Amino acid sequence: QVQLVESGGGLVQAGGSLRLSCAASGRTFSNYAMGWFRQAPGKEREVVAGIRWSGGSTDYADSVKGRFTVSRDNIKNTVYLQMNSLKPEDTAVYYCAVGRLGYASSSYHYPTTYDLWGQGTQVTVSS
């Protein structure tokens, strides 16, 4: 059974950076989809980025392209989300998720692609 634990959230000023980590325990497979989502108060959960666990495929929401980078470390069984040039509108609870049926650019943005979720980590960007 795979479990996910996020860390790295916090309070940062606009223009600053944070790196979120998502550590996966248990066995993972190369074709797993890994996604980062966020949910702000009163808003629906939205995709931020996706990556194939084996690497080679990444996708980003338009709102974070050029500012966020998703990566993975297979040895550490961890996926990262490097967030630069943060804006107040990036404030949200960030979740990582794993989809065991595989990764596709056409479906990475659907929450239903993922069947396991972490507990979330709060990111607050002050203006």
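By convention here, each chain's residues receive numbers from 1 onward along its written sequence. Local features in a predicted model are, by the rule used here, given only for residues with pLDDT of at least 70; side-chain atom pairs are given and counted only at 80 or more, and totals for whole chains, interfaces and linings are based on all residues. As a convention, hydrogens and water are excluded, and side-chain values are obtained from all of the structure's heavy atoms.

Where do I start with the packing of aromatic side chains in this structure?
Each aromatic ring pair is described using two quantities: the centre-to-centre distance and the angle formed by the ring planes. Between the rings of Phe, Tyr and Trp (Trp by its six-membered ring), a pair exists once the centres lie within 6.5 Å; its type follows the angle of the planes, with under 30 degrees stacked, over 60 edge-to-face, and the other angles tilted. Counted by the stated rule, this structure contains 4 aromatic pairs. Centroid distance Tyr103 to Tyr108: 6.3 Å. Interplanar angle 35°. Geometry classified as tilted. Only protein chains enter the accessibility calculation, which uses a 1.4 Å probe; a residue whose area is less than 20% of its type maximum is buried, one above 50% is exposed, and one in between is partly exposed. Residue classification places Tyr108 among the buried residues on the basis of a relative accessible area of 7%. Residues Tyr114 and Trp117 carry aromatic rings whose centres are separated by 6.1 Å and whose planes lie at 70° to one another, so their mutual orientation is edge-to-face. Taking relative accessible area as the criterion, Tyr114 reaches 5% and is therefore assigned buried. Aromatic ring contacts, followed pair by pair, group Phe37, Tyr114 and Trp117 into a single cluster. The criterion for a charge sitting over a ring is simple: Lys NZ or Arg CZ within 6 Å of the ring centre, and within 35 degrees of the ring normal. Between the NZ or CZ atom of Arg45 and the centre of the ring of Tyr95, over which it lies, the distance is 3.9 Å. Above the ring of Trp117, the side-chain terminus of Arg45 is found at 4.7 Å from the ring centroid.

Is there a simple way to explain the pairing of strand S7 (residues 68-73) in this structure?
Looking down a regular strand, the side chains alternate between one sheet face and the other. The pairing of S7 with strand S8 (residues 78-83) spans 6 bridges and is antiparallel. Considered in S8, the bridge of Asp73 is made with Thr78. What sits between the antiparallel neighbours S7 and S8 is a turn of 4 residues, in which Asn77 has the positive phi angle 55°. For two strands to count as paired, DSSP must find a minimum of two bridges between them. Strands here are runs of E lasting at least two residues and helices are runs of H or I lasting at least four, both read from the DSSP assignment and numbered beginning at the N terminus.

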